[in-house]
Amino acid sequence: MSSPTNPVSRQSFLTQAKPGQPWFFWLGSVEPHRDYEAGTGARLGGKKPSDIDRVPAYWPDNDTIRGDMLDYAFEVEHFDRHVGRALAMLEKTGQLENTIVVVTSDNGMPFPRVKGSAYENANHLPLAIRWPKGIKNPGRKVTDYVSFVDFAPTFLEAAGLPLPKDQPTDGVSLMKQLKTGAALNRNAIYWHFPCYIGKGEPMSLLRAGDYKLIQKFAGPTFELYNVKKDPSEEHDLAKAEPAKVEELKKLLLAWQKDTGAFLADKKNEAYDPNAK
């Protein structure tokens, strides 16, 4: 385990920030990336396999898997403690009430069928935003679709700055939602990975309502899931619901065209699946 962004550097940064001057600080962490020591969740965290309330259906449910999940949880808790220390530091310097604090993860767990994949636990990520002076009715659980591309427009609006004219912006500002609780009214949200990431493969996907459509370029194939009814995405509905596939396919292809997305629709002759 390690210490994300030395506490001394955080304190130095805050003391150097001029009063009234907007600032940005990114608090990064090695946790919970692998490798981490097996058994730490039980040995150091006091956890036990029965603490896991659900093992995803695509993994075997046994003590080995549950132990690995406990180790992961222990790593996340270690990072949470550093977030708590950062909040205490903000409070001590009188900046906690007017600081937007965003806590999230850049990808899913470092587990099979998660990180680098197109499935739910890879792209449905934790997100908590704290801003006492700006958020109406704190403690709300928001179910709207939100993407990382929304952060830049949100931070710029909060700082009173315009969007850059020379750079396309795919996201939308969340300020209205934060201040008033208004819904975003997004009909869909998109992901695009035209490359091989870890154990993943080139793909493009969207989530609209309860459904997710995944386009796998290597096939090429389309997979359809009802994520609400089938959160582990075990049952591909593409053949059973062709009309829904076509409906969402039109949205996805239109989005790819509108954004000029690079399409991995040609075989890469230099690709070596055994390369390290």
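Residues numbered from 1 in each chain as written. Predicted model: local features only at pLDDT ≥ 70, side-chain atom pairs only at ≥ 80, totals over all residues. Heavy atoms only, no water.

S.K.: Summarise empty space enclosed by the protein; cite the residues concerned and give the values.
M.R.: On inspection of all chains with the given rule, the structure shows 1 cavity of 30 Å³ or more. As a volume, the largest cavity reaches approximately 40 Å³. Considering every element that reaches the lining of the largest cavity, the biggest residue donor is helix α5 (residues 151-158), with 3 residues. Along the lines of polarity and charge, the residues of the lining of the largest cavity split into 7 nonpolar, 1 polar and no charged. (1 Å grid on protein atoms, 1.4 Å probe; cavity = no way out; pocket = protein on both sides within 12 Å on 5 of 7 lines; lining within 4 Å. Points joined across faces, edges and corners; volume = space filled by probe spheres on them. Helix = DSSP H or I, 4+ residues; strand = E, 2+ residues; numbered from the N terminus. Nonpolar A, V, L, I, M, F, W, Y, C, P; charged D, E, K, R; others polar.)

S.K.: Tell me what's going on with the environment of Pro132, and back it up with residues and numbers.
M.R.: Within the element layout of this structure, Pro132 appears in the loop between β2 (127-130) and α5. On the basis of relative accessible area, Pro132 is assigned to the partly exposed category, the value being 33%. Put simply, Pro132 and Leu224 are 92 residues apart on the chain and 40 Å apart in space, counted from C-alpha to C-alpha. (Buried < 20%, exposed > 50% of the residue type's maximum accessible area, 1.4 Å probe, protein only.)

S.K.: Can you lay out the sheet that holds strand β6 (residues 221-226) for me, pointing to particular residues and giving the numbers?
M.R.: The 4 strands lie next to each other as β3-β4-β5-β6, forming an open sheet whose pairing is antiparallel. On the outer flanks of this sheet lie β3 (189-193) and β6, each paired with one strand and no other. In this sheet, adjacent strand axes meet at a mean angle of 15° when their direction is disregarded. For β3 and strand β4 (residues 203-208), the ladder comprises 5 bridges, and the chain directions are antiparallel. (Pairing = 2+ DSSP bridges. Axes fitted to C-alpha atoms, helices over the stretch in contact; angles between N-to-C directions.)

Just distances and angles here, no functional claims.
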